[in-house]
Amino acid sequence: TAAEVAAAALPDRSTMPTSAGLSFFAQLTPARETGGDLYTWQQIDNSVWFAIGDVSGKGLPAAVLMSTAVSAVDAAIARSHAGGPSAVVGAVDRWLHQRLSNAAMFLTLAVGQWDAVTNTLIVANSGHSPIVWCTSEGTQRIEATAPPLGVIADLAPEPWMTKTEPGDLLVLATDGLTEQANPDGRLFGEDHFDATVLEFATVGDARTIGDALLHTVAAHSDGCAQSDDQALMVVSFS
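Just so you know, the residues in each chain are numbered from 1, in the order the chain's sequence is written. At least 70 in pLDDT is required for a residue's local features to be given in this predicted model, at least 80 for side-chain atom pairs to be given and counted, and no such filter applies to totals for whole chains, interfaces and linings, which use all residues. Excluding hydrogens and water, the side-chain values take into account all heavy atoms of the structure.

Engineer: What am I meant to see in the overall build of the protein chain here?
Structural biologist: Scanning the protein chain for helices and strands turns up 6 helices and 10 strands. Viewed in the frame of its principal axes, the protein chain has a C-alpha envelope of about 45 × 40 × 30 Å. Between buried and exposed lies partly exposed: a residue is buried under 20% and exposed over 50% of the maximum accessible area for its type, with that area taken using a 1.4 Å probe on protein chains only. Taking all 238 residues of the protein chain together, the buried fraction comes to 54%. Relative to all contacts within the protein chain whose residues are 6 or more apart in sequence, the contacts with residues 24 or more apart total 71%. Note that accessible areas follow from Shrake-Rupley with a 1.4 Å probe, and for residues the cover is restricted to the protein chains shown. When the accessible surface of the protein chain is summed, it comes to about 10,200 Å², and 51% of that surface belongs to carbon and sulfur atoms. Across the protein chain, the 10 positively charged side chains and the 27 negatively charged ones have centroids separated by 5 Å. Strands here are runs of E lasting at least two residues and helices are runs of H or I lasting at least four, both read from the DSSP assignment and numbered beginning at the N terminus. What makes two residues a contact is simply this: any of their non-hydrogen atoms within 4.5 Å. For the charge count, each Lys or Arg is scored as positive and each Asp or Glu as negative, with His and the chain ends excluded. Positions of charges follow a simple convention, taking NZ of Lys, CZ of Arg, CG of Asp or CD of Glu.

Engineer: Could you clarify how one ought to interpret the nonpolar core in this entry?
Structural biologist: Within soluble globular proteins, side chains that are nonpolar tend to cluster in buried spots. With 55 residues, the main nonpolar core has Phe24, Phe50, Leu107, Leu109, Leu121 and Leu170 as its most contacted residues. In terms of residue count, the dominant contributor to this core is helix α2 (residues 59–80) (10 residues). Leaving out residues up to four positions away in the same chain, Phe50 has contacts with Phe24, Thr40, Trp41, Ala110, Val111, Gly112, Gln113, Leu121, Leu170, Leu172, Met233 and Val235. Throughout this description, the term nonpolar core refers to a set of buried Ala, Val, Leu, Ile, Met, Phe, Trp, Tyr and Cys residues connected via side-chain atoms within 4.5 Å.

Engineer: I would appreciate a short explanation of the side chain of Gln180 in the present structure.
Structural biologist: Note that Gln180 resides in the loop between α4 (175–178) and α5 (190–200). The buried category is assigned to Gln180, whose relative accessible area is 3%. Excluding residues that lie within four positions of it along the chain, Gln180 makes contacts with Arg186, Leu187, Phe188, Val217, His220, Ser221, Cys224, Ala225, Gln226, Ser227 and Gln230.

Engineer: Before we go on, may I ask you to explain the side chain of Thr40 in this structure?
Structural biologist: Along the chain, Thr40 turns up in strand β2 (residues 36–44). Within the structure, the side chain of Thr40 is placed 2.6 Å from the side chain of Asp74, a separation counted as a polar contact. Setting aside chain neighbours within four positions, we find Thr40 in contact with Pro11, Trp49, Phe50, Ala51, Val70, Val73, Asp74 and Met233. Under the rule applied, a polar contact is a pair of N or O atoms within 3.5 Å (in protein, one hydrogen donor and one hydrogen acceptor; residues adjacent in sequence only if both atoms are side-chain atoms).

Engineer: Mind showing me how you'd approach unusual backbone geometry here?
Structural biologist: Excluding glycine, residues mostly have negative phi values, and the peptide bonds linking residues are mostly trans. A cis amide bond links Ser129 to the next residue, Pro130, at an omega of 5 degrees. Mapped onto the elements, Pro130 comes out in the loop between β5 (120–126) and β6 (131–135). Although it is not a glycine, Asp154 adopts a positive phi angle of roughly 60 degrees. Position of Asp154 relative to the elements: it lies in the loop between β7 (138–141) and β8 (160–163). Exposure remark for Asp154: the relative accessible area of 63% places this residue in the exposed category. Phi is positive for Asp222, which is not a glycine, with a value near 50 degrees. By the element assignment, Asp222 lies in the loop between α6 (206–221) and β10 (230–237).

Engineer: Please explain the pairing of β6 as it appears in this structure.
Structural biologist: A regular strand places its side chains on the two faces of the sheet in alternate fashion. The buried fraction of β6 is high, at 4 of 5 residues. At least two bridges found by DSSP between two strands are what make those strands a pair. Here β6 runs beside strand β9 (residues 169–173); their pairing, made up of 4 bridges, is antiparallel. Residue pairing in the sheet places Ile131 in a bridge with Leu172 of β9. With 4 bridges connecting them, β6 and β7 associate as antiparallel partners. Opposite Cys134, over in β7, you have Thr139 as the bridge partner.

Engineer: Explain the sheet that holds strand β3 (residues 47–55) here, please?
Structural biologist: Either a parallel or an antiparallel arrangement is found when strands of a sheet pair, and the pairing is made through backbone hydrogen bonds. Taken in spatial order, the 5 strands line up as β2-β3-β4-β5-β8 in an open sheet, and their pairing is antiparallel. This sheet does not close on itself; its edge strands, each paired only once, are β2 and β8. Along the sheet, successive strands turn relative to each other by an average axial angle of 10 degrees, direction set aside. Across 9 bridges, the pairing between β2 and β3 is antiparallel. Orientation is described by axes fitted as lines to C-alpha atoms, over the contacting stretch for helices, and by angles from 0 to 180 degrees between their N-to-C directions.

Engineer: Would you explain the pattern of salt bridges in this entry?
Structural biologist: Oppositely charged side chains can pair when the atoms bearing their charge come close. In what follows, salt bridge is the name for a side-chain nitrogen of Lys or Arg lying within 4 Å of a carboxyl oxygen of Asp or Glu. Evaluation of the coordinates by the stated rule reveals 3 salt bridges. Across the salt bridge formed by Lys58 and Asp228, the nearest N and O atoms sit 3.2 Å from each other. Within this pair, whereas Lys58 is found in the loop between β3 and α2, its partner Asp228 is found in the loop between α6 and β10, the two being separated by 170 residues in sequence. According to the relative accessible area criterion, Lys58 is partly exposed, its value standing at 33%. Of the residues examined, Asp228 reaches a relative accessible area of 13% and is grouped as buried. Of the charged contacts, one joins Asp194 and Arg141 as a salt bridge, the two residues approaching to 2.9 Å between their closest N and O atoms. Remark: Arg141 occurs in strand β7 and Asp194 occurs in helix α5; sequence separation between them is 53 residues. Three or more residues are tied together by salt bridges with common partners; here these are Arg141, Glu190 and Asp194.

Structural data, given as structure tokens:
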């Protein structure tokens, strides 16, 4: 039931953004006991908007809150996009804080906006990881500048901003990927994830890169079951 609730809340992958200068990929692979991973996207005027997050906990409570969170993010993007990603995160926080607090749960959330006219990329990150920015100079993490939603009310993140160049890559994931274990109990790991992003950064479009990342994590697991949902979003600039 939890898996069905979660799947129904996510956007149809056939509606992933299409824009000149950008390719986009997103996939969620649910665990046996599904968690609260989420993603969503919208196109408004000349901008592509996207978000990824993770509700704490597993099972039906996490799935129900995740479904509510997707609706809140979609509504916040539609209503508050003029204020940028930080304003969107703030709107989601105002809508969800009391619900999360009452349930003793929290939501990590990152919201991004790419302007196709100015090639400006902005990301607002509240407690979410990993988010990897990859250029010809290497990789860097886009770190959180505010805690997860549900922890402290009315604390919007400071935005991270850059101009995109052809060949740049943004990878957003949930910790089900970095914390995937192999039969020896060794996790895939944060550094390994960043190195894998760099390795595959030039192999093709966002779908090709995303498939390669997921295949590498699956090969690491060597048959071990997922302990958590695995959500991955790849945005490639050309």
